[in-house]
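Residue-level structural notes
These are the residues of each chain, in order.
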Amino acid sequence: MANMNMIQALTSAMDIMLGKDPSVILMGEDIGYFGGVFRATEGLQRKYGEHRVIDTPIAEGGIVAAAIGMSINGLRPVAEIQFADYIYPGFDQIVSELARIRYRTAGDFFAPLTIRTPCGGGIRGGQTHSQSPEGIFTHVSGIKVVMPSNPFDAKGLLITCIEDDDPVVFFEPKRLYNGPFDGDPTKPAVPWNAHPKGQVDEGYYTVPLGKADIVRTGSEVTIITYGTMVFVAAAAAAAMNLDAEIIDLRSLVPLDVDTICTSVRKTGRCVVAHEATRFSGFGAELLSIVQEECFWDLEAPIQRVTGWDTPYPHAFEWEYFPGQARVSMALKTVMEPA
Amino acid sequence: MPIKSRLHLPHVPARPGEKPDFSYVQISPAGAVPRPQVNALVKDVAHLALEMVRVLDDNADAVGAWHPHLDASELQVGLRHMLLTRIYDERMQRMQRGGKISFYIRSLGEEAVSVAQGMALSPSDMLFPGYRNQGLQIVRGIPLVNLMCQLLSNTRDMCKGRQLPVMYHSKANNLFSISGNLATQFPQAVGWAMAAAIKGEGNLAATWIGEGSTAEADFHHALLFASVYQAPVILNVVNNQWAISTFQGYAGGEQRSFAARGPGYGMAGIRVDGNDFLAVYSVTQWAAERARTGGGPTLIELVTYRGAAHSTSDDPARYRAKDDAEHWPLGDPIIRLKAHMIKIGEWSEERHEALVAELEAQVVSSWKEAVTFGTLNEGPKLDSDLMFEDVFKEMPENLQRQQALMRKERS
Ligand SMILES: Cc1ncc(C[n+]2csc(CCOP(=O)(O)OP(=O)(O)O)c2C)c(N)n1
């Protein structure tokens, strides 16, 4: 076991897979010699060579398309899109091609491609370095969508994704790269080495897709969340002395419906929290599932905590971000007696 | 044995610890490239895309057919704008370091691109700048205070706090909003120019892109639409050799010049010494006249060097030779224009020093004024209600509700 932040854990996953499987290659903007703008591929080109850790032109559409071509010719590319905000030039290739290659060829062709991309706000990145577009991708049949919230899961999930024969978009909440974050920007940053999930096995291990993590068991309310909001929600519930059960989904597609419903049936109350915008967000899917599956167990309407339905504004980062205050309001509402 | 295919990786001339090497930069002697008529056929101007238009020679003389013969007063304005751009950049970089603004991007070494091109165009031409074109804002007369208030996201910010620093715009001055997403504005400029042609107006559009961003599909859409419709547009590729850590070879600059993409798409392409104020002015004037007289688009590649880090989030010592900039063979645009002006008797070291002092004082006093409208951390503060405006023309009900919730949350 070693102390790792989320970046180091991701690097370790890629390092292990490059070493283990000669068909794994990495590609992306600034990822080779430089090691990536967030340094996730640091040292890997030196170790595995320029033919396995490939710098690309600044063309997300080209990166995704070329990676698809490689993947149908026997490679397992891991493509980095520098920021999730810049994934859209590759959108057509992801939606119209990547997601459907297996389906339209009756399984004769498939594209084992992993697209890694940093997402989320909280770094004063303004509207073009802060987005959480996971819901745009979960809406497309045929691609898996993953978002870890800590170093241990990040590494195990990334290895699983690379080995998976289906395409995955792997979102990395960049505000969590260096430490858990409870939503209060005025507090000093907390590093991962003080957190149990910052203890990471140095070798090969996997974390399965479609299996949520119950971060905290509780009896009064279920909070379904993922990414940055895991820690914000936990802090808000703790501040209210609520015995909340906190579920970190980790993988949105496939989704662990069992864990969600078992918990809601137990607590009878549910709050869904994500950083992305609200309207047609992934939270809406979660609410529908809980409503369909657990309606007769619910004691209050399900609440949603999200970013506002605006672009991410530079000056109002913390007014936009769904911090503890917004989570608390939802928790208060959901806890009101009927 | 058949010869196997092999993945080629573009050569990067000098990484940290290696000797700077610019032997790959093809440089024509000043004055050597002929200047065709502005209505010449694309096939007859093919040489312009491969050679390098230069006017200022090593003796600080202006030579050859591209010499624009500007008045001394115009040269002085050009020098002033370039110096102001540089001094503004230095000061704002320091303010970022001091925590007053969240982010900054300098244009060190590339000042001639924006200033000479901005001056060669007319105020009614529509500009679609990139994030390293602050010189265009200065040429168009945007007060420094306005630019600074944008950097500060304060109560006078033209973007109402919604954009990262340096993403300025000015509707009144025909400067379109800068996008954080690379290359997106390149084809939009073509559309603007198509509209001008549809409406029968005489204005043209000009837009700027980094050589690294020419890799995006949007670049190619721009060239195709510009060529098909012969749109009155000037498409500028600022080849400053580096795209963060990525060398220009990775954008396709290794095999052929970026300017050569112009003739490839059926339009004129010109490669110019981007640090030669006079040459940049002159080729822009040529392209503008060509566009205004129905000759269609021109692609201009401005060969220059990114003298500073990519942005305040970047450290180039990690990926390029430390003294690279000092070996750049095309020199510094300010020093070169200044030397020429001194040589022709229109400038002096004393006047230069006085101008630097004047501009520094201007930047300092503008900053003092700008911060009275607030900084990121100190009041007065922008009203956070503004966050919900301008998503749509009329605020829809869901946003009204969210605005009310936000107020409650913050009370
Ligand atoms: C679509 C998109 N992809 C990636 C980025 C991240 N990014 C910002 S600037 C930059 C390098 C651009 O280099 P270049 O076009 O050569 O312009 P320069 O910065 O050198 O002026 C990159 C990759 C982005 N902003 N937008």
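Note: the structure precedes this text.
Attention in this report is confined to the structure presented alongside it. (Residues numbered from 1 in each chain as written. Chains lettered and ligands numbered in written order. Predicted model: local features only at pLDDT ≥ 70, side-chain atom pairs only at ≥ 80, totals over all residues. Heavy atoms only, no water.)

1. Quick word on the sheet that holds strand β9 (residues 213–216) of chain A
Residues and elements named next belong to chain A. The strand order across the open sheet built from five strands is β9-β11-β10-β13-β14, with neighbouring strands paired in mixed fashion. Taken across any chain shown, the strands that pair with only one partner, and hence form the sheet edges, are β9 and β14 (303–307). Strand after strand, the sheet turns through a mean of 25° between neighbouring axes, direction not considered. Strand direction decides the pairing type here: strand β13 (residues 270–277) and β14, joined by four bridges, are parallel. Counted as the bridge partner of Thr 277 is Gly 307 from β14. Here helix α10 (residues 282–294) sits on the sheet and contacts β10 (221–225), β13 and β14; the angle it forms with β13, its principal contact strand, is near 160°. (Pairing = 2+ DSSP bridges. Helix = DSSP H or I, 4+ residues; strand = E, 2+ residues; numbered from the N terminus. Axes fitted to C-alpha atoms, helices over the stretch in contact; angles between N-to-C directions. Contact = heavy atoms within 4.5 Å.)

2. Points about the interface of chain A and chain B
Taken together, the contacts link 42 residues of chain A with 43 residues of chain B. There are two salt bridges connecting chain A and chain B. Measuring nitrogen to oxygen at the nearest pair gives 2.6 Å for the salt bridge that ties Arg 326 of chain A to Glu 409 of chain B. Inspection of the region where chain A meets chain B yields 14 residue pairs in polar contact (both at pLDDT 80 or more). Sorting the residues of the side of chain A that touches chain B by element identifies β3 (53–55), α11 (317–320) and α12 (324–335) of chain A as the ones contributing at least two each. In the side of chain A that touches chain B, the residues fall into 20 nonpolar, 10 polar and 12 charged. (Salt bridge = Lys/Arg side-chain N within 4 Å of Asp/Glu carboxyl O. Polar contact = N/O pair within 3.5 Å; in protein donor to acceptor, adjacent residues only side chain to side chain. Nonpolar A, V, L, I, M, F, W, Y, C, P; charged D, E, K, R; others polar.)

3. Topic: α12 of chain A
In a regular helix each residue adds 1.5 Å, so 12 residues correspond to 16 Å; α12 of chain A covers 16 Å between its end C-alpha atoms and thus fits that length. Residues of α12 of chain A that are buried include every one of Arg 326, Val 327, Ser 328, Met 329, Ala 330, Leu 331 and Val 334 of chain A, and no others. Buried residues along α12 of chain A sit in contact with β10, α8 (229–239), β13, β14 and α11 of chain A together with α12 (397–410) of chain B. (Expected span 1.5 Å × (residues − 1). Buried < 20%, exposed > 50% of the residue type's maximum accessible area, 1.4 Å probe, protein only.)

4. Observations concerning the pattern of salt bridges
Any two side chains of opposite charge can pair, so long as their charged atoms come close to each other. All names here are of chain A. Taken as a whole and judged by the stated rule, the model has 37 salt bridges over all chains. Residues Lys 197 and Asp 213 are paired through a salt bridge, measuring 3.1 Å at the closest nitrogen-oxygen approach. Taken as a pair, Lys 197 in the loop between β7 (168–173) and β8 (199–200) and Asp 213 in strand β9 lie far apart in primary sequence, 16 residues in all. Under the relative-accessibility criterion, Asp 213 is labelled buried at 18%.

5. Comments concerning the sheet that holds strand β6 (residues 268–273) of chain B
Two modes of strand pairing occur in sheets, parallel and antiparallel, and in both the strands are linked by backbone hydrogen bonds. Residue and element names in this part refer to chain B. If you walk across this open sheet you meet the five strands as β1-β2-β3-β7-β6, and the pairing is parallel. At either margin of the open sheet sits one strand with a lone partner, and together these are β1 (126–128) and β6. Averaged over all neighbouring strand pairs, the angle between strand axes comes to 20°, with direction disregarded. Strands β3 (233–239), β6 and β7 (298–303) of the sheet are contacted by helix α8 (residues 277–292), whose axis makes an angle of about 165° with β6.

6. Quick word on the site of the ligand
Lining the immediate environment of the ligand, one finds 20 residues, of which Glu 60 of chain A together with Tyr 131, Arg 132, Ser 213 and Trp 242 of chain B sit closest. Each of chains A and B places residues next to the ligand. One nitrogen or oxygen atom from the main chain of Gly 212 of chain B is found 2.9 Å from an oxygen atom belonging to the ligand. The fraction of the free accessible surface of the ligand (590 Å²) that becomes covered by protein chains is 96%. Split by residue class, the shell around the ligand holds seven nonpolar, eight polar and five charged. (Near = heavy atom within 4 Å. Areas by Shrake-Rupley, 256 points an atom, 1.4 Å probe, with all protein chains shown as cover.)

7. Overview of α12 of chain B
The α-helix advances 3.6 residues per turn, and as a result positions three or four apart in sequence lie on the same side. Between its first and last C-alpha atoms α12 of chain B spans 20 Å; for 14 residues at 1.5 Å apiece the expected length is 20 Å, and the two agree. Leu 399, Gln 402, Gln 403, Met 406 and Glu 409 of chain B are the residues of α12 of chain B that are buried. The arc enclosing the buried residues of α12 of chain B, seen along the axis, measures out at 125°, which places them on a common side. Along α12 of chain B, exposed side chains directed more than 90 degrees from the buried face belong to Glu 397, Arg 401 and Lys 408 of chain B. Of the surrounding elements, those touching the buried residues of α12 of chain B are α11 and α12 of chain A. (Arc of directions from axis to C-beta.)

8. Re the packing of helix α1 (residues 72–97) of chain B against helix α10 (residues 333–343) of chain B
Residue and element names in this part refer to chain B. Relative to each other, α1 and α10 sit at 150°, their axes nearing to 10 Å. Between α1 and α10, the angle is such that the two are roughly antiparallel. For the crossing formed where α1 meets α10, the hand is left-handed. Within the contact between the two elements, α1 uses Leu 75, Gln 76, Gly 78, Leu 79, Met 82, Leu 83 and Arg 86 and α10 uses Pro 333, Ile 334, Leu 337, Lys 338, His 340 and Met 341. Classifying every residue of the contact of α1 with α10 gives eight nonpolar, three polar and two charged. (Parallel < 35°, antiparallel > 145°, perpendicular 65-115°, else oblique. Left-handed = near helix turned anticlockwise from the far one by under 90°.)

9. Considering the packing of aromatic side chains
In this description, a pair of aromatic rings is defined by centroid distance and the angle of the planes. A complete count under the given rule lists 27 aromatic pairs over all chains for this structure. With a centroid separation of 5.7 Å and an interplanar angle of 75°, the aromatic rings of Phe 83 of chain A and Tyr 86 of chain A are classed as edge-to-face. Under the relative-accessibility criterion, Tyr 86 of chain A is labelled buried at 11%. Aromatic pair Phe 181 of chain A and Phe 321 of chain A: ring centres 5.9 Å apart, planes at 65°, arrangement edge-to-face. Of this pair, Phe 181 of chain A sits in the loop between β7 and β8 while Phe 321 of chain A sits in the loop between α11 and α12, placing them 140 residues apart in sequence. Looking at Phe 321 of chain A, the relative accessible area reads 1%, which means it is buried. Here the aromatic residues Phe 34 of chain A together with Phe 22, Tyr 24, Trp 242, Phe 247, Tyr 305, Tyr 319 and Trp 328 of chain B are joined through ring pairs into a cluster of three or more. The ring of Phe 181 of chain A has Arg 175 of chain A lying over it, and the distance from NZ or CZ to the ring centre is 3.7 Å. (Phe/Tyr/Trp six-rings, centres within 6.5 Å; stacked < 30°, edge-to-face > 60°. Lys NZ or Arg CZ within 6 Å of the ring centre and 35° of its normal.)

10. Let's talk about the layout of surface pockets
Residue and element names in this part refer to chain B. In this structure, the second largest pocket occupies an estimated 620 Å³ of space. Counted by class, the lining of the second largest pocket contains 11 nonpolar, 11 polar and four charged residues. Here the lining of the second largest pocket gathers at least three residues from each of two domains, domain 1 (42–380) and domain 2 (384–411). (1 Å grid on protein atoms, 1.4 Å probe; cavity = no way out; pocket = protein on both sides within 12 Å on 5 of 7 lines; lining within 4 Å. Points joined across faces, edges and corners; volume = space filled by probe spheres on them. Domains from an automatic or database assignment.)

11. Quick word on the nonpolar core
If you look at the biggest cluster of nonpolar residues, it comprises 79 residues, and the most contacted ones within it are Val 53, Trp 66, Tyr 88, Met 92, Phe 277 and Trp 286 of chain B. Broken down by element, this core gets its largest block of residues, 10 residues, from α8 of chain B. For Phe 277 of chain B, the contacting residues outside a window of four places in its chain are Leu 56, Leu 70, Gly 78, Met 82, Ala 112, Val 115, Ala 116, Met 119 and Leu 337 of chain B. Counting 68 residues, the second-largest nonpolar core is a separate cluster that includes Met 6, Ala 13, Leu 242 and Ala 273 of chain A. (Core = buried A, V, L, I, M, F, W, Y, C linked by side-chain atoms within 4.5 Å.)

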